[in-house]
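Notes for the structure review
Listed here are the chains, written in short residue letters.
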Amino acid sequence: MTARPRGDTADVVVIGAGSVGTPLAYYLAAGGVHVAVVDQHASPGQGQNKAAIGGVRATHSDPAKIRLCLDSLRIFSSWKEEHGDDIGWKKGGYCFPAFRQREETILRGLLPIQKSHGLDIEWVGPEEIRTLIPGVSREGLVGGTFSPGDGQASPLRTVNAFARAAEQRGARLLLRRKVTALRIDRGRMRGLETDRGTISAPVVVIAAGAEAREVGAMASIDVPVAPDSHEAGITAPLEQFLGPLVVDIRPGPDGRTSNFYFGQNSEGQIIFCYTPSALFVGTNRESTSEFVPVLARRMIALVPRLKNVLVRRVWRGLYPMTPDGTIILDRVREVDGLFLSVGMCGQGFMLGPGVARCMASLILEGRPTLEPGDFGSLSFYRDFGARKEALK
Ligand SMILES: Cc1cc2nc3c(=O)[nH]c(=O)nc-3n(C[C@H](O)[C@H](O)[C@H](O)COP(=O)(O)OP(=O)(O)OC[C@H]3O[C@@H](n4cnc5c(N)ncnc54)[C@H](O)[C@@H]3O)c2cc1C
């Protein structure tokens, strides 16, 4: 690491060494520019990246997100072969089982758009669901969707693999530095101030996750990203028995959960989460006493054989939420040289590599990897009240 304390310069500074900023530093450095990535923490991925359970899917309802995640899947699945690091990639697919007409209609309704954007996904019958999720409850099971190309990876291994690859290409990781101000002169980006000195740069990318609003305010722009807290947990390892990551989109009978999901990672541990029925806005990251009991009831009702697994650890992290559940990738019109790569909601880990390639292409080549219409749908200047993503 080559952190220089004062009077530093770079072609591009990325704020945030997280799920998005770290791969972005890699693709920018690979493109030949001098890039510095600044983070307040002592190592990459210590913001929300490490809170993710590692699910990686292109199974979305929004064309831009489908395209970005297909790109991410290509990168995750080939990383070990191309770079040598084991990032815990497990290609087991994603399975959304349905137990009622309502969920069947939602899931089947999404298939045409998903397929038209190149997703390998099918509706499968109850027999196949029982093979994919051994021990799943048969009660009311009508089938579900299965997308075999999706998978899982370890967020911390991945972010560190990107950080190493970025440094090998000349990127500098400036850690334990909090960005305190953006330097803007006559509408042009000049760099930024940190608590350990100034960095001059004509281009700055905000990839500050749940803190994007605070960092945006340093440029007098209002970035509509609010921290929304979610809990997760992990069990002791079990023999591998479950291929796909499973998402049950039914609202829970408990009245507290709108869906829940779990998978078995490459080390055999069951890793799980639920989405609370109401947003839990705020930055409190203390675990609640209700998470495990509520989750356990849902999980055991779905797969009774999981009733004896040992829960090893729980944690709580923050989704960087936008009002419409879709991400923000854009060039800031008010400040020449300022870019936004924020609002990743519950999918920043899976989106990270695809988003990074898209933003690196925008910054280096002047055009994103997405088609203009799809890229436009992620604009900072869109109407955030106009739509909602179905599988956010
Ligand atoms: C329980 C849970 C489960 C999840 N599961 C998944 C999943 O399975 N798959 C998935 O894709 N996503 C998942 N997510 C979501 C995912 O974790 C986030 O969307 C993602 O990490 C956001 O990436 P980011 O790069 O925007 O933010 P981060 O990874 O948080 O990176 C932002 C970085 O910016 C730094 N920063 C902010 N402000 C400053 C400043 N002023 N100065 C210096 N540094 C600063 C922070 O320290 C941080 O390191 C989950 C989240 C939670 C909470």
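Structure: above.
First, a word on what this report is: a plain description of the structure on this page. These numbers come from a predicted model, not from an experiment.

1. Regarding the overall build of the protein
What the protein contains, in helices and strands, is 9 helices and 20 strands. Taken against the 2.2 N^0.38 rule, which gives 21 Å for 392 residues, the C-alpha radius of gyration of the protein at 21 Å falls within 12% of a compact globule. Overall size of the protein, expressed as C-alpha extent along the three principal axes, is 65 × 40 × 40 Å. Across the protein, contacts joining residues at least 24 apart in sequence account for 73% of those joining residues at least 6 apart. If the 47 positive side-chain charges of the protein are averaged to one point and the 41 negative ones to another, these points end up 3 Å apart.

2. Description of the layout of surface pockets
Computed from the structure, the second largest pocket encloses a volume of approximately 410 Å³. Looking at the second largest pocket, it is lined by 19 residues, and the ones nearest its centre are Ala52, Ser154, Pro155, Ile271 and Arg313. Looking at the lining of the second largest pocket, the elements with two or more residues in it are helix H5 (155-168) and strand S18 (311-321). Tallying contributions element by element places H5 first for the lining of the second largest pocket, with 3 residues.

3. Things to note about the site of the ligand
Lining the immediate environment of the ligand, one finds 39 residues, of which Ser19, Asp39, Gln48, Cys345 and Met350 sit closest. Interatomic distance of 2.8 Å between a side-chain N/O atom of glutamine 40 and an oxygen atom of the ligand. The backbone of glutamine 48 places a nitrogen or oxygen atom 2.7 Å from an oxygen atom of the ligand. At 4 residues, the largest contribution of residues to the shell around the ligand is made by S18.

4. A closer look at the packing of helix H1 (residues 21-30) against helix H8 (residues 348-365)
Two packed helices can be described by the angle between their axes and the distance between those axes. Direction vectors running N to C along H1 and H8 enclose 40 degrees, while the axes themselves pass 8 Å from each other. Between H1 and H8, the interaxial angle falls into the category oblique. Our pair here, H1 against H8, has a crossing hand that is right-handed. Contact residues: H1 offers Pro23, Leu24, Tyr27 and Leu28, while H8 offers Gly352, Pro353, Ala356, Arg357, Met359, Ala360, Ile363 and Leu364. Among the residues making up the contact of H1 with H8, the classes are represented as 10 nonpolar, 1 polar and 1 charged.

5. Let's talk about the environment of asparagine 160
With respect to the helices, strands and loops of the structure, asparagine 160 is situated in helix H5. For asparagine 160, a relative accessible area of 27% corresponds to the partly exposed category. The spatial distance from the C-alpha of asparagine 160 to the C-alpha of leucine 245 is 23 Å, given a sequence separation of 85 residues. Among the polar contacts listed, one links the side chain of asparagine 160 to the backbone oxygen of leucine 156, at a separation of 2.9 Å.

6. Some remarks on the sheet that holds strand S11 (residues 188-194)
As summarised here, the arrangement of the 4 strands in space is S1-S12-S11-S10, forming an open sheet in which the pairing is mixed. In this open sheet, the two edge strands, each paired with only one partner strand, are strand S1 (8-9) and strand S10 (179-185). Alignment of S1 against strand S12 (residues 197-200), held across 2 bridges, turns out to be parallel. When the sheet's bridge partners are listed, threonine 9 is paired in S12 with serine 200.

7. Examining the pattern of salt bridges
Summed over the entire model, instances satisfying the criterion amount to 20 salt bridges. For glutamate 193, the salt bridge goes to arginine 183, with nearest N and O atoms at 3.8 Å. Of this pair, glutamate 193 sits in strand S11 while arginine 183 is found in strand S10, placing the two residues 10 residues apart along the sequence. The class of arginine 183 is partly exposed, set by a relative accessible area of 28%. The closest approach of N and O atoms between glutamate 290 and arginine 256, which form a salt bridge, is 2.3 Å. Taken together, the residues span a long stretch of sequence, with glutamate 290 in the loop between strand S17 (269-276) and helix H7 (291-302) and arginine 256 in the loop between strand S15 (245-248) and strand S16 (257-264) at a distance of 34 residues. Taking relative accessible area as the criterion, arginine 256 reaches 40% and is therefore assigned partly exposed. Put simply, Asp71, Arg74 and Arg357 are held in one network by salt bridges that share partners.

8. Looking at the sheet that holds strand S13 (residues 203-206)
Strand order in the open sheet formed by 6 strands is S9-S3-S2-S13-S20-S19, and the pairing between neighbours is mixed. Edge positions in the sheet fall to strand S9 (172-174) and strand S19 (328-331), since each of these pairs with one other strand and no more. Strand after strand, the sheet turns through a mean of 15 degrees between neighbouring axes, direction not considered. Alignment of S13 against strand S20 (residues 338-342), held across 3 bridges, turns out to be parallel. For isoleucine 206, the partnering residue across the bridge sits in S20 and is leucine 340. Along the sheet, H8 contacts strand S2 (12-15), S13, S19 and S20; its crossing angle with S20, the most-contacted strand, is approximately 170 degrees.

9. Focus: the side chain of aspartate 71
Mapped onto the secondary structure, aspartate 71 falls in helix H2 (residues 63-83). The buried category is assigned to aspartate 71, whose relative accessible area is 12%. In terms of polar contacts, aspartate 71 uses its side chain to reach the side chain of arginine 357, at 2.7 Å. When residues no more than four places from it in sequence are discounted, the contact partners of aspartate 71 are Gly354 and Arg357.

10. Some details on the environment of glycine 354
Inspection of the secondary structure puts glycine 354 in helix H8. The buried category is assigned to glycine 354, whose relative accessible area is 0%. Considered as a pair, glycine 354 and arginine 67 are 287 residues apart in the sequence and their alpha carbons are 8.2 Å apart.

Calculation notes
- Residues numbered from 1 in each chain as written.
- Predicted model: local features only at pLDDT ≥ 70, side-chain atom pairs only at ≥ 80, totals over all residues.
- Heavy atoms only, no water.
- Helix = DSSP H or I, 4+ residues; strand = E, 2+ residues; numbered from the N terminus.
- Rg over C-alpha atoms; globule rule 2.2 N^0.38 Å.
- Contact = heavy atoms within 4.5 Å.
- Lys, Arg positive; Asp, Glu negative; His and termini not counted.
- Charge placed at Lys NZ, Arg CZ, Asp CG, Glu CD.
- 1 Å grid on protein atoms, 1.4 Å probe; cavity = no way out; pocket = protein on both sides within 12 Å on 5 of 7 lines; lining within 4 Å.
- Points joined across faces, edges and corners; volume = space filled by probe spheres on them.
- Near = heavy atom within 4 Å.
- Polar contact = N/O pair within 3.5 Å; in protein donor to acceptor, adjacent residues only side chain to side chain.
- Axes fitted to C-alpha atoms, helices over the stretch in contact; angles between N-to-C directions.
- Parallel < 35°, antiparallel > 145°, perpendicular 65-115°, else oblique.
- Left-handed = near helix turned anticlockwise from the far one by under 90°.
- Nonpolar A, V, L, I, M, F, W, Y, C, P; charged D, E, K, R; others polar.
- Buried < 20%, exposed > 50% of the residue type's maximum accessible area, 1.4 Å probe, protein only.
- Pairing = 2+ DSSP bridges.
- Salt bridge = Lys/Arg side-chain N within 4 Å of Asp/Glu carboxyl O.

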